[in-house]
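Structure assessment
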Amino acid sequence: MTMRIYGDSRSGNCLKIKWAAQKLGIPFDWTEVDIGQGGTRTDEFLRMNPAGQVPTVVLDDGRALAQSNAVIGYLAEGSDLIPADPYDRAKMHEWMFWEQYSHEPYVAVARFHRHLMGKGPESVEPRIMQRGEAALARLELQLKQTPFLVGAALSLADISLVAYTRVAHEGGFDMAPYPAIRAWVARVEAALGITD
Ligand SMILES: N[C@@H](CCC(=O)N[C@@H](CS)C(=O)NCC(=O)O)C(=O)O
């Protein structure tokens, strides 16, 4: 059985899994779930993931797994997308936990309102924009020092963080002050073969 990803193509969390699987050469099928139309609220979906969220994957052995960063961690087990050195591996996780708590809730949420819901700038609380700016500044600081988030090699931290950073401008963030981020986005997109 081929792994199946249930995802919304507009969601960075879902795209992380597609890019990781492609990079790792893991075959998958994709089922598009429209979250705006209640696609995650059906009985069938809730049996797979009671949290009612995409991404959700059904692995090749039939077991379901959710939470984007948990899924890419599972898929990349034993690969060079996870640093062998324990400290570097912990740094990768540091970035991935930070992404979920201090980056995605601001950068992705602003984009959701502005780009996906088509609302104006007033729809996004100033606090969301301030926290998003702080997250981008934190990334810029690191990427001035290293080509990828954990040193010289691509890791899951880059896949996790590029997902919403590459579309941050769609949330109203001006990326001009962040040249190191822009160069890193291009590097990660090239490494993952992202062309759209
Ligand atoms: N922390 C989760 C976030 C998942 C999430 O928020 N998914 C959104 C789409 S990006 C969703 O399914 N929203 C629909 C809903 O909550 O009903 C992850 O990384 O996978």
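So, a few notes on the structure that sits alongside this text.

1. Some points on the side chain of T165
Looking at the element boundaries, T165 is found in helix α6 (residues 156–165). Within the local environment of T165, its side chain forms a polar contact with the side chain of H103, the two groups lying 2.9 Å apart. Not counting chain neighbours up to four residues away, the residues in contact with T165 comprise H103, L136, L139, M175, I181, W184 and V185.

2. Describing the pattern of salt bridges
In the structure shown here, the tally under the stated rule is 10 salt bridges. A network of salt bridges, in which partner residues are shared, links D8, R10 and D34.

3. Examining the packing of helix α3 (residues 68–75) against α6
For any two helices packed against each other, the geometry comes down to the angle between their axes and how far apart the axes lie. The N-to-C vectors of α3 and α6 enclose an angle of 150 degrees; their axes lie 11 Å apart at closest approach. By crossing handedness, the relation of α3 to α6 is classed as right-handed. Residues N69, I72 and G73 of α3 form the contact with α6, whose participating residues are L156, I159 and S160. Tallied by class, residues from the contact of α3 with α6 come to 3 nonpolar, 3 polar and no charged.

4. Notes on the site of the ligand
Taken together, 13 residues sit near the ligand, with R41, V54, Q67, S68 and Q100 positioned nearest. The protein chains hide 77% of the 500 Å² of surface that the ligand would expose on its own. Grouping the amino acids of the shell around the ligand by side-chain chemistry returns 4 nonpolar, 8 polar and 1 charged.

5. Regarding helix α4 (residues 86–116)
Compared with the 45 Å implied by 1.5 Å per residue over 31 residues, the 39 Å span of α4 between its first and last C-alpha is markedly short. The sharpest bend along α4 comes to roughly 55 degrees, located at H103, with the proline P105 sitting one to four residues further on. All of the buried residues along α4 are M92, W95, M96, W98, E99, H103, E104, Y106, V107, A108, A110 and R111. Against α1 (12–24), α3, α5 (126–143) and α6 lie the buried residues of α4. For α4, the side-chain oxygen to backbone nitrogen distance between the N-cap and Y87 is 3.1 Å, and the N-cap itself is D85.

6. Concerning the pairing of strand β2 (residues 28–32)
The pairing of strand β1 (residues 3–7) with β2 spans 5 bridges and is classified as parallel. Bridge pairing in β2 places I5 opposite W30. For the crossover from β1 across α1 to β2, the handedness is right-handed.

What counts, and where the lines are drawn
Residues numbered from 1 in each chain as written. Predicted model: local features only at pLDDT ≥ 70, side-chain atom pairs only at ≥ 80, totals over all residues. Heavy atoms only, no water. Helix = DSSP H or I, 4+ residues; strand = E, 2+ residues; numbered from the N terminus. Polar contact = N/O pair within 3.5 Å; in protein donor to acceptor, adjacent residues only side chain to side chain. Contact = heavy atoms within 4.5 Å. Salt bridge = Lys/Arg side-chain N within 4 Å of Asp/Glu carboxyl O. Axes fitted to C-alpha atoms, helices over the stretch in contact; angles between N-to-C directions. Left-handed = near helix turned anticlockwise from the far one by under 90°. Nonpolar A, V, L, I, M, F, W, Y, C, P; charged D, E, K, R; others polar. Near = heavy atom within 4 Å. Areas by Shrake-Rupley, 256 points an atom, 1.4 Å probe, with all protein chains shown as cover. Expected span 1.5 Å × (residues − 1). Bend = angle between axes of the 7 residues up to and from the residue. Buried < 20%, exposed > 50% of the residue type's maximum accessible area, 1.4 Å probe, protein only. Pairing = 2+ DSSP bridges. Right-handed = clockwise from strand over helix to strand, strands pointing away.

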